[in-house]
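Topology and contacts: notes
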Amino acid sequence: GSSRKEITEHWEWLENNLLQTLSIFENEEDITTFVKGKIHGIIAEENKSLQPKDEEDPGKFKEAEVKMRKQFGMPEGEKLVNYYSCSFWKGRVPRQGWLYLTVNHLCFYSFLLGKEVTLIIQWLDVTQLEKNATLLFPECIKVNTRDNEYFFSMFLNISETFKLMEQLANIAMRQLLDNENFLEDKNLTKPKRPLKNISALKRDLDARAKNERYRATFRLPKDEQLDGHTDCTLWTPFAKMHIPGQMFVSNNYICFSSKEDEACLLIIPLREVTIVEKADSSSVLPSPLSISTKGKMTFLFANLKDRNFLVQRISDFLQKTSAQRSGGECAAETWKGNSANSGNEVDR
């Protein structure tokens, strides 16, 4: 460390995260092996995250994928989703190494002080995944198969890893039931800028999970693709108040979900939208946006962070929806006419 404060912070981290675990070891050699392995793992993870924030290193990820295939004898078609530094508990002794999550397998490899550990588990063999913490296993992920149980711990981001493992196991089970192979979804919205140290397949899976949650929450068709979401408030006449929540925009729907315990869900089909208007902002109602439908219903949203961009996206989807209709007046033209009558600003 470059200062006493930095050294003290690091030492306190070691005390809080490792000291309790060290009490289970019977000799100093195992303690030394574990601590060295853990620190090497932290350094490796930090080096992995030192890429510029808006860039990823495809070469480094490709290198890890090649290493994974060679290490575990995987075919060329096996795709690496992500990899993490962690500890695998073999009995009462943790082995520091690397966990590789692929489309079809969970793999782990460790080589410390001449001791090698190699582990390959098919997602189809996983019967249960748990994230818990015990005295013996501090904040760990337990993987159960038909024959064994495996414990992994000391993740820097255990929640992210656990969610990805759950998703891959669920995908494998659905493939088994549907008798289909995993295919990358070509229709998913691509990020405007690459994310650091995240593979294209990992982004694909993240977007797929968001789409599945969106469709399940609002019970939308299986081909509906989420474009984006933003925090906002919605005026509810029945409660006479603005309730906080999130607006979701996709190619055919505008949806809203409240953040309160008693859920308020709203689904507006774009084919029913006639007017999209931006009203004047005020201290009581910042960045308001009203959406009117053919059924003469008006929904008032407010507290939108990027209202101009949001209205532009809705306009783009409305124009596509209008173009798909056979006959009838174009929704975009309807906005223009209403805009001229109302005097309010409308983005097309």
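The rules behind the values
Residues numbered from 1 in each chain as written. Predicted model: local features only at pLDDT ≥ 70, side-chain atom pairs only at ≥ 80, totals over all residues. Heavy atoms only, no water. Core = buried A, V, L, I, M, F, W, Y, C linked by side-chain atoms within 4.5 Å. Buried < 20%, exposed > 50% of the residue type's maximum accessible area, 1.4 Å probe, protein only. Helix = DSSP H or I, 4+ residues; strand = E, 2+ residues; numbered from the N terminus. Contact = heavy atoms within 4.5 Å. Polar contact = N/O pair within 3.5 Å; in protein donor to acceptor, adjacent residues only side chain to side chain. Expected span 1.5 Å × (residues − 1). Pairing = 2+ DSSP bridges. pLDDT = per-residue confidence, 0-100. Axes fitted to C-alpha atoms, helices over the stretch in contact; angles between N-to-C directions.

**Things to note about the nonpolar core**
- Counting residues in each nonpolar core, the largest one holds 29 residues, and the members touching the most others are L101, L106, W123, V143 and F152.
- Looking at this core, the elements with two or more residues in it are β1 (80–90), β2 (93–102), β3 (105–112), β4 (115–122), β5 (126–132), β6 (140–145), β7 (149–153) and α4 (158–178).
- Looking at this core, the element that brings in the most residues is α4, giving 8 residues.
- Those residues in contact with L101, other than ones at most four positions away along the chain, are L80, V81, N82, Y84, L106, W123, T161, L164, M165 and L168.
- Ranked by size, the runner-up nonpolar core spans 23 residues in total, among them F256, L270, F299 and F317.

**Digging into the side chain of Q96**
- Among the secondary structure elements, Q96 is positioned in strand β2.
- One polar contact links the side chain of Q96 to the main-chain carbonyl oxygen of C86, over a distance of 3.3 Å.
- At 2.9 Å, the side chain of Q96 forms a polar contact with the side chain of S87.
- Among residues more than four places away in sequence, those in contact with Q96 are G37, K38, G41, S85, C86, S87, F108, S110 and L112.

**Here's the deal with helix α6 (residues 307–324)**
- Taking 1.5 Å of rise per residue, 18 residues should cover 26 Å, and α6 covers 26 Å from first to last C-alpha, within 8% of that figure.
- What α6 keeps buried is the set R307, L310, V311, I314, S315, F317, L318, T321 and S322.

**Some remarks on the environment of R219**
- The topology assignment puts R219 in the loop between α5 (200–218) and β8 (226–236).
- The exposure class of R219 is exposed, given its relative accessible area of 78%.
- Sequence separation of R219 and I267 is 48 residues, and the distance between their C-alpha atoms is 9.6 Å.

**Considerations on the pairing of β1**
- Of all the 11 residues making up β1, 10 are buried; the element is thus mostly covered by neighbouring parts of the structure.
- Two strands pair when backbone bridges link them, and β1 and β2 are joined in this way by 10 bridges, in the antiparallel orientation. Within β2, the residue paired with F88 across the bridge is R95.
- In sequence, β1 turns back onto β2 through a hairpin of 2 residues, with G91 there showing a positive phi of about 75 degrees.
- Inspection of the sheet shows β1 paired to β7 by 2 bridges, in the antiparallel sense.

**A word on the environment of L304**
- Inspection of the secondary structure puts L304 in the loop between β14 (298–302) and α6.
- Among all residues touching L304, those that are not within four sequence positions of it are T230, D231, C232, M247, P286, S287, L289 and L310.

**Observations concerning the confidence of the model for the chain**
- Here the chain shows a mean pLDDT of 77. Residues at 70 or above account for 78%.
- Here residues 51–56 is modelled with pLDDT under 50, and outside its nearest four sequence neighbours on either side it reaches 16 contacts, counting other chains as well.
- Contacts from residues 181–198, a stretch scored under 50 in pLDDT, to residues over four places away or in other chains number 47 contacts.

**Regarding the sheet that holds β6**
- Pairing within the open sheet is antiparallel, and its 7 strands lie in the order β4-β3-β2-β1-β7-β6-β5. The strands lining the two open edges of the sheet, one partner per strand, are β4 and β5. On average, adjacent strands in this sheet sit at an angle of 30 degrees to one another, irrespective of strand direction.

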